[in-house]
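Reading the structure
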Amino acid sequence: KVLGAEVQSVFGGLDALAAMETYRPDVVLMDIGMPEMDGYEVARRIRQNAEHDHVTLIALTGWGQDEDRRQSHAAGFDYHLTKPADVGALQTLLNSLDSEG
């Protein structure tokens, strides 16, 4: 467990999409700059699948300009956090999602 959550890690966009079919997460923390396929495209593909409508997508990226945030929202991310991540802020966000569910 990490921050009280069961986790699975993958290291590329195609692996992330494959993992969605078997792992069934409630929350996905995803970098924008990934091998094979960027996080924007992965988010769009996740959002195209109605089975994943319940999933909260959080961009965790080094890209934090207003345009980056606009693009992540347009791709389907629910939240946009900039690296280095503030662990306290991440925990607060995860706790708020847990209390909503």
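Residues numbered from 1 in each chain as written. Predicted model: local features only at pLDDT ≥ 70, side-chain atom pairs only at ≥ 80, totals over all residues. Heavy atoms only, no water.

Re the pairing of strand β1 (residues 27-30)
Judged by which residues are buried, β1 turns out to be one-sided: Val 28 and Met 30 face inward and are buried, whereas Val 27 and Leu 29, on the alternate face, are not. In this sheet, strand β2 (residues 56-61) lies alongside β1 in parallel orientation, the contact comprising four bridges. Across the sheet, Met 30 pairs through a bridge with Ala 59, a residue of β2. Each parallel crossover has a hand, and for β1 linked through helix α2 (residues 39-48) to β2 it is right-handed. (Buried < 20%, exposed > 50% of the residue type's maximum accessible area, 1.4 Å probe, protein only. Helix = DSSP H or I, 4+ residues; strand = E, 2+ residues; numbered from the N terminus. Pairing = 2+ DSSP bridges. Right-handed = clockwise from strand over helix to strand, strands pointing away.)

A closer look at the sheet that holds β1
If you trace the three strands from one edge of the open sheet to the other, you get β1-β2-β3, paired in parallel fashion. Each edge of the open sheet carries a strand with a single partner, namely β1 and β3 (79-82). In this sheet, adjacent strand axes meet at a mean angle of 20 degrees when their direction is disregarded. (Axes fitted to C-alpha atoms, helices over the stretch in contact; angles between N-to-C directions.)

A few points about helix α3 (residues 66-75)
Residues Asp 68, Ser 72 and Ala 75 constitute the buried set of α3. Take α3 and look down its axis: the buried residues cluster within an arc of 65 degrees, on one side only. With respect to the buried face of α3, the exposed residues turned more than 90 degrees away are Asp 66, His 73 and Ala 74. Check the buried side of α3 and you find it contacts α2, β2 and β3. Of the residues flanking the end of α3, it is Gly 76, one or two places downstream, whose phi is positive at about 120 degrees. (Arc of directions from axis to C-beta. Contact = heavy atoms within 4.5 Å.)

A look at the pattern of salt bridges
Within the structure shown, the criterion is met by six salt bridges. With a closest N to O distance of 2.7 Å, Arg 47 and Asp 78 form a salt bridge. Note that Arg 47 is positioned in helix α2 and Asp 78 in the loop between α3 and β3, a separation of 31 residues in sequence. Residue class for Asp 78 comes out partly exposed when judged on its relative accessible area of 40%. With its nearest N and O atoms 2.6 Å apart, the salt bridge here joins Glu 67 to Arg 70. (Salt bridge = Lys/Arg side-chain N within 4 Å of Asp/Glu carboxyl O.)

As for the packing of α2 against α3
Interaxial distance between α2 and α3 falls to 8 Å at its minimum, and their mutual angle equals 25 degrees. Considered as vectors, α2 and α3 are oriented roughly parallel to each other. Packed against α2, whose contacting residues are Tyr 40, Ala 43, Arg 44 and Arg 47, the element α3 presents Asp 68, Gln 71, Ser 72 and Ala 75 at the interface. For the contact of α2 with α3, the class distribution of residues is three nonpolar, two polar and three charged. (Parallel < 35°, antiparallel > 145°, perpendicular 65-115°, else oblique. Nonpolar A, V, L, I, M, F, W, Y, C, P; charged D, E, K, R; others polar.)

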